[in-house]
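Structure assessment
Single-letter residue listing:
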Amino acid sequence: MQEIPAILVLENGSVYRGTAFGHAGEATGEVVFNTSLTGYQEILTDPSYTGQMVVMTYPLIGNYGITPNDDESSKIWASALIVREASNLYSNYESNRSLDETLKAAGVMGLAGIDTRKLVREIRQKGAMRGVISTACADEEALKRQAAGLPEMTGLDLVSRVTTASSYVCDAKEAKYHVVAYDYGIKTNIVRQLQAEGCRVTVVSANTPASEVIAMNPDGVFLSNGPGDPFAVTYAVEAIRELAEYNRSTRRLPIFGICLGHQLLSLAFGAKTYKLKFGHHGANHPVKNLVNSRIEITSQNHGFAVDECSLPETLELTHRNLYDQTVEGVRHRELPCFSVQYHPEAAPGPHDSHYLFREFTELMEQAKN
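Residues numbered from 1 in each chain as written. Predicted model: local features only at pLDDT ≥ 70, side-chain atom pairs only at ≥ 80, totals over all residues. Heavy atoms only, no water.

A full pass over the atoms with the stated rule returns seven aromatic pairs. By the ring-pair criterion, three or more aromatic residues cluster together here, those being Phe222, Phe256, Phe338, Phe357 and Phe360. Stacked on the ring of Trp77, the Lys or Arg Lys75 has its end atom at 4.4 Å from the ring centre. The side chain of Lys275 reaches across the aromatic face of Phe304, ending 5.8 Å from its centre. (Phe/Tyr/Trp six-rings, centres within 6.5 Å; stacked < 30°, edge-to-face > 60°. Lys NZ or Arg CZ within 6 Å of the ring centre and 35° of its normal.)

Attention now moves to the pattern of salt bridges. In total, this model carries 12 salt bridges according to the counting rule given. Linking Glu345 and Lys187 is a salt bridge whose minimum nitrogen-to-oxygen distance equals 3.0 Å. Residue Glu345 is located in the loop between β19 (337-340) and α10 (355-368), and its partner Lys187 is located in the loop between β11 (177-183) and α6 (188-196); the two are separated by 158 residues in the primary sequence. One salt bridge connects Arg331 with Glu316, and the closest N-O pair in it is separated by 2.9 Å. One end of the pair, Arg331, is in strand β18 (residues 327-332); the other, Glu316, is in strand β17 (residues 315-321), and 15 residues separate them in sequence. Owing to a relative accessible area of 22%, Glu316 belongs among the partly exposed residues under this scheme. (Salt bridge = Lys/Arg side-chain N within 4 Å of Asp/Glu carboxyl O. Helix = DSSP H or I, 4+ residues; strand = E, 2+ residues; numbered from the N terminus. Buried < 20%, exposed > 50% of the residue type's maximum accessible area, 1.4 Å probe, protein only.)

On to unusual backbone geometry. The amide bond that connects Ala347 to the next residue, Pro348, takes the cis arrangement and shows omega of 5°. Among the secondary structure elements, Pro348 is positioned in the loop between β19 and α10. Positive phi, normally seen in glycine, also occurs at Cys259, with a value near 60°. Within the secondary structure, Cys259 is located in the loop between β14 (255-258) and α9 (260-268). Looking at Cys259, the relative accessible area reads 1%, which means it is buried. A positive phi angle is found at Ala346, which is not glycine, with a value near 50°. For Ala346, the location among the structural elements is in the loop between β19 and α10.

Another point: the sheet that holds strand β9 (residues 129-134). In sheet architecture, strand pairing relies on hydrogen bonds along the backbone and comes in two forms, parallel and antiparallel. Taken in spatial order, the seven strands line up as β1-β2-β8-β6-β4-β3-β9 and close into a barrel, and their pairing is mixed. Sheet twist, expressed as the mean angle between neighbouring strand axes with direction ignored, is 35°. Direction of pairing for strand β1 (residues 4-10) relative to β9: antiparallel, over a ladder of four bridges. The residue of β9 that forms the bridge with Leu10 is Gly131. Sheet strands touched by helix α3 (residues 116-126): β1, β2 (15-22), β3 (26-34), β4 (52-56), β6 (80-82) and β9. Its angle to β3, the strand with the most contacts, is close to 80°. Strands in contact with helix α4 (residues 140-148) are β1, β2, β3 and β9; relative to β1, the strand with the most contacts, it is inclined by about 50°. (Pairing = 2+ DSSP bridges. Axes fitted to C-alpha atoms, helices over the stretch in contact; angles between N-to-C directions. Contact = heavy atoms within 4.5 Å.)

Counting buried positions over the seven residues of β17 gives six, a clear majority of the element. Pairing analysis gives three bridges linking strand β15 (residues 273-289) to β17, with the strands arranged antiparallel. Within the sheet, the bridge partner assigned to Val287 lies in β17 and is Asn321. Here five bridges tie β17 to β18, and the two strands are oriented antiparallel to one another.

Attention shifts here to the nonpolar core. The biggest cluster of nonpolar side chains holds 35 residues, and the ones touching the most others in it are Tyr182, Tyr184, Val221, Leu223, Leu243 and Leu264. Counting residues per element, the ones that place at least two in this core are β11, α7 (210-215), β13 (220-223), α8 (234-249), α9, β17 and β18. It is α8 that contributes the most residues to this core, seven residues altogether. (Core = buried A, V, L, I, M, F, W, Y, C linked by side-chain atoms within 4.5 Å.)

A separate point is a nonpolar patch on the surface. A contiguous nonpolar patch, built from Ile295, Ile297 and Leu322 and spanning about 220 Å² of accessible area, is present on the exposed surface. You can call Leu322 partly exposed: its relative accessible area is 36%. (Patch = residues over 30% accessible without salt bridge, like charges linked within 9 Å, V, L, I, M, F, W, Y side chains within 5 Å. Areas by Shrake-Rupley, 256 points an atom, 1.4 Å probe, with all protein chains shown as cover.)

To continue, consider the environment of Ala112. Along the chain, Ala112 falls in strand β8 (residues 109-112). The sequence separation of Ala112 and Thr50 amounts to 62 residues, and the corresponding C-alpha distance is 20 Å. Not counting chain neighbours up to four residues away, the residues in contact with Ala112 comprise Gly18, Thr19, Phe21, Val83, Arg84 and Ala86.

Let us now look at the packing of α8 against α9. One can describe the packing of α8 onto α9 by two numbers: an axis separation of 8 Å at closest approach and a directional angle of 65°. In the crossing of α8 with α9, the sense of the turn from one axis to the other is right-handed. On α9, the residues touching Ala236, Val237, Ile240 and Arg241 of α8 are Leu264, Leu265, Leu267 and Ala268. (Left-handed = near helix turned anticlockwise from the far one by under 90°.)

Structure follows, in structure tokens:
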């Protein structure tokens, strides 16, 4: 790669100098770190990373290239990728181009050659911060002011940026159930997992009214992952409230939420959310299932969490994060509604939590009888 000097400046004035790869220019966003050893392609194309620049803690990134079937959406959503070493040599029988080529084609910046251990330590100590990467400007004070002037993640509705403009259907070979999935930033592998469990999936925009979903006569409703502050996505919370009321008064309609969907479901039932110091991003987070006392190693990507102290009596805590004891899952005590904070579709990540998709189909089967 041609070495182009680049600089990262955080809102607190910290400076990291390295070289650019991918697109040269300028990138802005909240700087977060991900502890996954692999999966950079899935991470870059996860809509939940909208507005964020991702630091990979694993030191060598790009060594297996980019493969045609591993994208989690139709484009790269992360603002930038920050690594210790970016490999332009790749070896993978499925790969067809390098990470550098992919970022260039997408117009997304990469920053390499910095001490990512130092940067991650700073984020852990001081929290996720806004930052600017630039190859065009070397004025540290100007970049610091620019970073400090970026919008904070708290209060930001990013779902409207990533959701589908129109609904579409993903069929299954032997479809037993019809699931309407709200797209708050849905990942491809979530749809695959639902299809594998015999679900025909109708994906709808995040602002679709509950009445339109009910008119589709689904067997269940899925609430997807997504970016930004859940408290700002008021239209989604209102729709979930209406679906819950329909569930309570008219017929049993199972609802399953993941990540942002989990937070929105919790808000709809009266809980509160808050921003984590540096979030949970990685494929190796231990979670305890409080129902059966088993430990699951999970894939996670979220900067907000549900406040356990605010959980209403109607919601039962079902999963807990063993790193910091935060809420990782809830279920309604009367209605067939449940959600988890982590990613059971695990792309990238372990498969310990695939059972949750079966639990969803079991609830739909019960509701039919």
